[in-house]
Amino acid sequence: MDRVVWVTGAGSGIGRATAVAFAKMGARVALTGRRTEALADTAAMIGDAAIVVAADLSDPAEITRAHAAVVASLGPVEVLVNNAGSNTRHRHWHELAPEAMATMMDVNLRAPFLCSMAVLPAMRERKTGTLIHIASVSAVTMFPASGPAYGASKAGVSMMSAHLNAEEGIHGIRSICINPGEVATEILDRRPKPPSAEDRALMLHADDIAAAAVFAASLPGRATVADMTILATDNQIWRPFARGIAQTAVQANAKG
Ligand code: NAD
């Protein structure tokens, strides 16, 4: 897969795993995020096929600058991975600050819009392109732990992706919205009550989401995986419920 892939939020978690996975498939990858050191660590895992383009994606001018730097170094972006995202610890209605809400909208929703708008003209010209968005299960169903601003921003990403497919498919451009359930990454440290090590051990890994992104991008250009929801098989949301059923079944069997 000798393509130019631009990954945002590439300094950790799903973004790092996705950049490494695409590079393993032969892609040249541009790594964007705020933390130069973390991005350099990702680049070191990849080698010559990676470049670092640091940028704060909450600033539209930074996005324009970063996109220009990626194109100048690697050529037109063929696969964009809109992965950067954030949440705030004080995320519930009684504590949510307007500034924190606005930052989430800027990073989780406006930045994917602006990055998509940056890469689309060259994709249209070349009649091919793949946009991948790491939204969330919060985009598909209300997930209380995410809080309202995060959930609303991710639902917006999902609809943005649907509109990309509706308008850009005729130009050979496809949009893939990946909706992970809980993935054991740094973002969970910012929950008001971070999950235990035991809960994290049963969650998805960043590599699982990276593999899904590579799979979707590897299909022939005529095929679009419009939405992909990926959950932990032993999911903490319904685990207590399922364990209750299993216990009842054991008791019923014991009684004969
Ligand atoms: P993470 O915190 O490791 O990664 C998020 C990355 O985005 C970080 O590298 C961070 O520096 C970067 N980022 C944040 N704000 C930025 C900004 N203003 N400019 C540039 N970069 C910025 O967590 P992750 O789980 O790997 O998150 C990746 C994506 O997956 C996010 O969009 C997140 O919402 C989404 N997601 C995560 C989970 C989960 O349970 N971990 C579930 C569903 C969706």
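Residues numbered from 1 in each chain as written. Predicted model: local features only at pLDDT ≥ 70, side-chain atom pairs only at ≥ 80, totals over all residues. Heavy atoms only, no water.

1. Description of the environment of Leu114
1) Next: Along the chain, Leu114 turns up in helix α4 (residues 98-126).
2) Next: A C-alpha to C-alpha distance of 35 Å links Leu114 and Ala201, two positions 87 residues apart in sequence.
3) Next: Ignoring any residue separated from it by four or fewer positions in sequence, one finds Leu114 in contact with Pro60 and Ile63. (Helix = DSSP H or I, 4+ residues; strand = E, 2+ residues; numbered from the N terminus. Contact = heavy atoms within 4.5 Å.)

2. A word on the pattern of salt bridges
1) Next: Overall, the coordinates contain ten salt bridges when judged by the stated rule.
2) Next: Linking Arg126 and Glu78 is a salt bridge whose minimum nitrogen-to-oxygen distance equals 3.0 Å. Separated by 48 residues along the polypeptide, Arg126 in helix α4 and Glu78 in the loop between α3 (60-74) and β4 (79-82) bring together distant segments of the chain.
3) Next: With relative accessibility at 40%, the residue Arg126 sits in the partly exposed group. (Salt bridge = Lys/Arg side-chain N within 4 Å of Asp/Glu carboxyl O. Buried < 20%, exposed > 50% of the residue type's maximum accessible area, 1.4 Å probe, protein only.)

3. Observations concerning the environment of Arg91
1) Next: By the element assignment, Arg91 lies in the loop between β4 and α4.
2) Next: Between the C-alpha atom of Arg91 and that of Tyr150, which follows or precedes it by 59 residues, the distance is 8.2 Å.
3) Next: If we skip the residues at most four places from it in the chain, Arg91 touches Leu96, Ala145, Ser146, Gly147, Pro148, Arg190, Arg191 and Pro192.
4) Next: Separated by 2.9 Å, the side chain of Arg91 and the backbone oxygen of Thr88 make a polar contact.
5) Next: For Arg91, the side chain forms a polar contact with the main-chain oxygen of Ala145, separated by 2.8 Å. (Polar contact = N/O pair within 3.5 Å; in protein donor to acceptor, adjacent residues only side chain to side chain.)

4. Here's the deal with the state of the cysteines
1) Next: Tallying each qualifying case throughout the model produces zero disulfides.
2) Next: The closest cysteine sulfur to the non-disulfide-bonded Cys115 is located on Cys177, 15 Å from its own sulfur.
3) Next: For Cys177, a relative accessible area of 0% gives the class buried. (Disulfide = S-S within 2.5 Å.)

5. Focus: the environment of Ala68
1) Next: Counting through the fold element by element, Ala68 comes out in helix α3.
2) Next: For the pair Ala68 and Ala166, spaced 98 residues apart in the sequence, the C-alpha separation amounts to 27 Å.

6. Let's talk about a nonpolar patch on the surface
1) Next: Together, Leu231, Ile237, Trp238, Phe241 and Ile245 make up a nonpolar patch on the protein surface, roughly 510 Å² of accessible area in all.
2) Next: Residue placement: Ile237 occurs in the loop between β7 (227-230) and α8 (239-255). (Patch = residues over 30% accessible without salt bridge, like charges linked within 9 Å, V, L, I, M, F, W, Y side chains within 5 Å. Areas by Shrake-Rupley, 256 points an atom, 1.4 Å probe, with all protein chains shown as cover.)

7. Focus on the pairing of strand β2 (residues 28-32)
1) Next: Burial runs high along β2: four of the five residues are buried.
2) Next: Strand direction decides the pairing type here: strand β1 (residues 4-8) and β2, joined by five bridges, are parallel. Counted as the bridge partner of Val7 is Leu31 from β2.
3) Next: In this region the chain leaves β1, passes through helix α1 (residues 13-24) and returns to the parallel neighbour β2; the handedness of that crossover is right-handed.
4) Next: Taken together, the three bridges between β2 and strand β3 (residues 50-52) define a ladder with parallel strand orientation. Counterpart to Val29 in the pairing with β3 is Ala50.
5) Next: For the crossover from β2 across helix α2 (residues 36-46) to β3, the handedness is right-handed. (Pairing = 2+ DSSP bridges. Right-handed = clockwise from strand over helix to strand, strands pointing away.)

8. Things to note about the nonpolar core
1) Next: With 37 residues, the main nonpolar core has Phe22, Val29, Leu31, Ile132 and Ile178 as its most contacted residues.
2) Next: Looking at this core, the element that brings in the most residues is helix α7 (residues 206-218), giving eight residues.
3) Next: Discounting chain neighbours no more than four positions away, the residues touching Ile178 are Ile132, His133, Ile134, Ala135, Ser136, Ile209, Ala212, Ala213, Met228 and Ile230.
4) Next: Trp6, Ala55, Leu57 and Leu131 belong to the second-largest nonpolar core, a separate cluster that totals 27 residues. (Core = buried A, V, L, I, M, F, W, Y, C linked by side-chain atoms within 4.5 Å.)

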